[in-house]
Amino acid sequence: MAIENVQYSSGDSHENADRTITTVINGDVEGFSPEQVRLIHVHKESNLGGQWRDYPEIYGIIGQAPVTLEDIYSKIRQEYNFKTGDRLFVPARVALAMQSMEGTTIVTCGPKADREKQTYKCEIK
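In short, a report on the structure. The shown structure was predicted, so the numbers you read here are calculated from the model rather than taken from an experiment. (Residues numbered from 1 in each chain as written. Predicted model: local features only at pLDDT ≥ 70, side-chain atom pairs only at ≥ 80, totals over all residues. Heavy atoms only, no water.)

Notes on the pattern of salt bridges
One pass over the full model with this rule turns up six salt bridges. R53 is paired through a salt bridge with E57; the nearest N and O atoms lie 2.9 Å apart. Classification of R53 as buried rests on a relative accessible area of 10%. Using a relative accessible area of 8% as the deciding quantity, one classes E57 as buried. Salt bridges linked by common partners bring E70, K75 and R77 together as one network. (Salt bridge = Lys/Arg side-chain N within 4 Å of Asp/Glu carboxyl O. Buried < 20%, exposed > 50% of the residue type's maximum accessible area, 1.4 Å probe, protein only.)

Take a look at the structure:
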């Protein structure tokens, strides 16, 4: 199983009238060294994810997005109310579904990988 290796931390953000700052990576996930960083800005409420990958990722967020994770083998699930300042380490072979709210910004960090060949669509019901 992989889902027991999920790491969720909440609330590392600083906000004032000018900006919001949050930590996505701070070196606390042993053996994880990202080489690719992607930024998603959600223009309208939408479903994201619906896939699992052959590599791990860390997600950071400014905004809100309920997340469901599912181990692709055991089908064990975990749910999170992902919000500003939260971080989520998703190991390889854990499926992810996310309901992102309008205006949300999500950062994903992962190793150098071939996303097309190492991403697999799935449904989490």
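Focus: the layout of surface pockets
In this structure, the largest pocket spans a volume of roughly 240 Å³. Lining the largest pocket we find 15 residues, and of these R38, I40, G49, Q51 and R53 sit closest to its centre. Every element with two or more residues in the lining of the largest pocket is listed here: strand 4 (36–41), strand 5 (46–53), strand 6 (57–62), strand 10 (94–100) and strand 11 (105–110). Take the lining of the largest pocket: its biggest share by element is four residues, from strand 5. Taken together, the residues of the lining of the largest pocket sort by class into seven nonpolar, three polar and five charged. (1 Å grid on protein atoms, 1.4 Å probe; cavity = no way out; pocket = protein on both sides within 12 Å on 5 of 7 lines; lining within 4 Å. Points joined across faces, edges and corners; volume = space filled by probe spheres on them. Helix = DSSP H or I, 4+ residues; strand = E, 2+ residues; numbered from the N terminus. Nonpolar A, V, L, I, M, F, W, Y, C, P; charged D, E, K, R; others polar.)

What to know about empty space enclosed by the protein
Evaluation of the coordinates by the stated rule reveals one cavity of 30 Å³ or more. Every residue lining the largest cavity is listed: Q51, W52, R53, Y55, E57, Y59, V90, P91, V94 and L96. When residues in the lining of the largest cavity are grouped by element, the largest group, three residues, is from strand 5. Here the residues of the lining of the largest cavity sort into seven nonpolar, one polar and two charged.

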